[in-house]
Amino acid sequence: MDTRSYLEYLTNQIHTVIMATIDNLGNPFTCAIDIMDFDEQGLYFLTAKGKKLYERLKQNNTISITGLQGDNTLSSRTITIYGKVKEIGLLRLSTLFEKNPYMYKIYPTKEGRKALTVFQIYQGNGEFFDLSVHPIFRERFSFGNCVLERGGMFCISDNCINCDKCISVCPQKCIVYENNQTTILQEHCLHCGNCYNICPVKAVEKE
């Protein structure tokens, strides 16, 4: 899927995510929020100005969110995003209520809704991780002019002696030997580190 598809999936299929924020002392906090809308510029959610979450978002605009869908571990799909947020105030508030009508039951009056403000996750790196398929599938994406970050076990260098030890310990069988070259299929890699630890010549390069 492309980035827009992942943002849409997170908004409409997962919807409720766990958000991690940092206070002014550097302490981490988590809370559950609903991702209420998306577009090419990012993701949108709201909170009340009286909440501690609001204070933390204003003190430090770096956040991380994770949303999970599935009945159990082996049917789970997750999306994790690490990025930046900014307050956009009342802009889009009416749109968020229209798209999420349950909010009218929580804040039924216009007076009550004066406490609310909208935030935009305008920049981020994300990863989709799917345990419902075999081998597992993962894919990274980014938005808001963010440079796509890489991570995990990425390549096997020219130091490789083709001993096949890495292939033997890979739980997802995502290391293949073709055309005299051993390659890690990153989209199926668990990032467990077995190949990195067992390689006798340190040919697996980790980022």
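Structure's up top.
These numbers come from a predicted model, not from an experiment.

Residues and numbers for the side chain of Asp130, please.
Here Asp130 shows up in strand β7 (residues 116-130). Of the polar contacts made by the side chain of Asp130, one reaches the side chain of Ser132; its length is 2.5 Å. In this structure, Asp130 is in contact with Ser76, Arg77, Ile136 and Phe137, ignoring residues within four places of it in sequence.

If you had to explain the packing of aromatic side chains to someone new, which residues and values would you point to?
Under the counting rule described, the total for this entry stands at 7 aromatic pairs. When the ring of Tyr9 is compared with that of Phe128, the centres are 6.3 Å apart and the planes differ by 85°; the resulting orientation is edge-to-face. In this pair, Tyr9 is assigned in helix α1 (residues 3-14) and Phe128 in strand β7, connecting sequence segments 119 residues apart. For Phe128, a relative accessible area of 5% puts it in the buried group. Pairwise contacts between aromatic rings join Tyr6, Tyr9, Phe128, Phe137 and Phe141 into one cluster.

Which residues make up the pairing of strand β4 (residues 42-48), and what values do they have?
Burial analysis of β4 places 7 of its 7 residues in the buried class, which makes it a mostly covered element. With 3 bridges connecting them, strand β3 (residues 37-39) and β4 associate as antiparallel partners. Paired with Asp39 across the strands is Gly42, a residue of β4. In sequence, β3 turns back onto β4 through a hairpin of 2 residues. Bridge count between β4 and β7: 6 bridges; the pairing is antiparallel. Directly across from Phe45, in β7, lies its bridge partner Phe119.

An account of the pairing of strand β5 (residues 62-69) is requested, with residue identities and associated values reported.
Bridge count between strand β1 (residues 16-22) and β5: 3 bridges; the pairing is antiparallel. By the bridge assignment, Ile18 is partnered in β5 with Thr66. As defined by bridge partners, β5 adjoins strand β6 (residues 77-89) across 8 bridges and the pair is classed as antiparallel. In the sheet register, Ile63 faces β6, and the bridge partner there is Gly83.

Explain unusual backbone geometry to me, using residue names and the numbers behind them.
Cis geometry is adopted by the peptide bond preceding Pro135, which originates at His134 and carries an omega value of 0°. Note on placement: Pro135 falls in the loop between β7 and β8 (137-143). Backbone geometry places His15, a non-glycine residue, at a positive phi of 70°. Among the secondary structure elements, His15 is positioned in the loop between α1 and β1. For His15, a relative accessible area of 17% corresponds to the buried category. Here Asp164, not a glycine, exhibits a phi torsion of approximately 70°, which is positive. Along the chain, Asp164 falls in the loop between β9 (153-156) and α5 (165-169). Owing to a relative accessible area of 40%, Asp164 belongs among the partly exposed residues under this scheme.

Can you explain the environment of Gly89? Please cite residues and give values.
Structurally, the position occupied by Gly89 is in strand β6. The contacts of Gly89, once residues within four sequence positions are left out, are Thr117 and Val118.

Which residues make up the nonpolar core, and what are the values?
Residues Met19, Leu43, Ile65, Ile79, Ile81 and Ile121 are the most contacted members of the largest nonpolar core, which totals 26 residues. Looking at this core element by element, the count peaks at 5 residues for α1. Not counting residues up to four positions away in its chain, the partners in contact with Leu43 are Leu7, Leu10, Thr11, Ile35, Asp37, Phe38, Ile65, Ile81, Phe119, Gln120 and Ile121.

Parameters at a glance
- Residues numbered from 1 in each chain as written.
- Predicted model: local features only at pLDDT ≥ 70, side-chain atom pairs only at ≥ 80, totals over all residues.
- Heavy atoms only, no water.
- Helix = DSSP H or I, 4+ residues; strand = E, 2+ residues; numbered from the N terminus.
- Polar contact = N/O pair within 3.5 Å; in protein donor to acceptor, adjacent residues only side chain to side chain.
- Contact = heavy atoms within 4.5 Å.
- Phe/Tyr/Trp six-rings, centres within 6.5 Å; stacked < 30°, edge-to-face > 60°.
- Buried < 20%, exposed > 50% of the residue type's maximum accessible area, 1.4 Å probe, protein only.
- Pairing = 2+ DSSP bridges.
- Core = buried A, V, L, I, M, F, W, Y, C linked by side-chain atoms within 4.5 Å.

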